[in-house]
Amino acid sequence: MEKTYKDYADFLKGYFPGKMQKLTVDAGFSCPNRDGTVGRGGCTYCNNASFSPLEHMQRASVAEQLEAGKSFFGKKYPDMRYLAYFQSYTSTHGDREKLMSLYSEALSVDKVDGIVIGTRPDCVDASLLHALAHIGKPVFMEYGAESSHNKTLEAVNRCHTWEKTLEAVHMTVDAGLPAGLHFIMGLPGETTDMMLETVRRAALLPISTVKFHQLQIIKGTRMARSLESGEDLGVTLFTVDEYIALCSRIVSILKSLNPSVAIERFTSSAPSDLLIAPRWGLKNYQFTHLLHRAL
Ligand code: SF4
């Protein structure tokens, strides 16, 4: 099915000649919105259970995790090259030397040609970004912006503002690194117009990539508990058709305002045993297929 927008594979072609696979690594970072650095309790949609210290103690090294990922994909695709994806928690939160040594460990693994670092916009500074820009291989920064509306960010206890996102994007680009943003559609109190306003604001920034996902209610979260107790949070739990309609509008805004921004994904699928709603029963690629048909 033909796609009508720039996707992540198109974006990566600008950096690497062949096919790339992202390998997620959990390097044992924590979260400044839980340990008191910027807040406590975490974002209301985030699952507390994933912060178990035991899980951290049992983790394999970054290199071991990458080797395991390579051997999984390498069987089917021997020529595949890889990006180490520091996705879990806040991947720039910690001692600077330790952070740099974990990133370098990933880049020293054979066939790992770059790293992707997922973090909060209030958890980077110019000196870290400068060091990353000189690490020797491509580095891609991804910031969880989630919304451009400070009222929403406050409602989900995000503990940072949209202005922090703007600052992080500009600092990243000034350091010579590509910046990506992540947004959640359906957060408390947001109308469709507010969600699309966020897309418009993002399109006007010097970002390279953007990711979206539908709000999911996950077991063990503060949001799940509030909803179970009957609180009206004003969230939107999209049906597949409603979300396809929203994503079609997102694509058309990005194409008209900034077609050079690559859309990496539109959905996320939490593990079935943790997901309360919405339960679409679709894999991410199945949703994308439906969206491409609609587009
Ligand atoms: S969503 Fe990210 S910033 Fe928020 S509590 Fe979870 S790990 Fe921390």
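In short, a report on the structure. Treat the numbers as computed from the prediction; the structure is a model and nothing was measured. (Residues numbered from 1 in each chain as written. Predicted model: local features only at pLDDT ≥ 70, side-chain atom pairs only at ≥ 80, totals over all residues.)

### Details of the site of the ligand
For step 1, the next point in the chain: As a structural note, the neighbourhood of the ligand is formed by C31, N33, R34, G42, C43, C46, Y89, T90, R120 and G144.
For step 2, the next point in the chain: Of the residues that constitute the shell around the ligand, the class distribution is four nonpolar, four polar and two charged. (Near = placed C-beta within 6 Å. Nonpolar A, V, L, I, M, F, W, Y, C, P; charged D, E, K, R; others polar.)

### Observations regarding the sheet that holds strand β4 (residues 139–146)
For step 1, the next point in the chain: With parallel pairing, the seven strands of this open sheet are ordered in space as β1-β2-β3-β4-β5-β6-β8. Bordering the open sheet on either side are β1 (20–25) and β8 (262–265), each of which pairs with just one other strand. Taking the axes of each pair of neighbouring strands and ignoring which way they run, one obtains an average angle of 25° across the sheet.
For step 2, the next point in the chain: Two elements, strand β6 (residues 209–214) and β8, share three bridges in a ladder whose sense is parallel. The residue of β8 that forms the bridge with K211 is R265. (Pairing = 2+ DSSP bridges. Helix = DSSP H or I, 4+ residues; strand = E, 2+ residues; numbered from the N terminus. Axes fitted to C-alpha atoms, helices over the stretch in contact; angles between N-to-C directions.)

### Observations concerning the nonpolar core
For step 1, the next point in the chain: Core analysis: the largest hydrophobic core is formed by 69 residues, its most contacted members being V25, L66, A84, F86, A106 and I115.
For step 2, the next point in the chain: For this core, the element with the most residues is helix α10 (residues 240–257), which contributes six residues.
For step 3, the next point in the chain: When sequence neighbours within four positions are dropped, the list of residues in contact with V25 reads V62, Q65, L66, A84, Y85, F86 and A106. (Core = buried A, V, L, I, M, F, W, Y, C linked by C-beta atoms within 7 Å. Buried ≥ 20, exposed ≤ 12 C-beta atoms within 10 Å, placed from the backbone. Contact = placed C-beta atoms within 7 Å.)

### Topic: helix α4 (residues 96–107)
For step 1, the next point in the chain: If you check α4, its first and last C-alpha atoms are 17 Å apart, about what 12 residues at 1.5 Å a residue would give, namely 16 Å.
For step 2, the next point in the chain: L99, L102, Y103 and A106 are the residues of α4 that are buried. Looking down the long axis of α4, one finds its buried residues gathered within 95° of arc, a one-sided arrangement. Counted as exposed and oriented over 90 degrees from the buried face of α4: E97 and S101.
For step 3, the next point in the chain: Among the structural elements, β1, α3 (62–76), β2 (81–86) and β3 (112–119) are those in contact with the buried residues of α4. (Expected span 1.5 Å × (residues − 1). Arc of directions from axis to C-beta.)

### What about the packing of helix α8 (residues 192–203) against α10?
For step 1, the next point in the chain: For the pair α8 and α10, the least separation of the axes is 9 Å and the interaxial angle reads 30°. Regarding the angle of α8 to α10, the classification is roughly parallel. For the pair α8 and α10, the crossing hand works out as right-handed. Each of T192, M195, L196, V199, R200 and A203 in α8 lies in contact with α10, whose residues at this interface are L246, R249, I250, I253, L254 and L257.
For step 2, the next point in the chain: Here the residues of the contact of α8 with α10 sort into nine nonpolar, one polar and two charged. (Parallel < 35°, antiparallel > 145°, perpendicular 65-115°, else oblique. Left-handed = near helix turned anticlockwise from the far one by under 90°.)

### What about the environment of L107?
For step 1, the next point in the chain: Residue placement: L107 occurs in helix α4.
For step 2, the next point in the chain: Sequence-wise, L107 and V124 are 17 residues apart; in three dimensions their C-alpha atoms are separated by 20 Å.
For step 3, the next point in the chain: Aside from chain neighbours lying at most four places away, what touches L107 is V112, I115, I135, G136 and K137.

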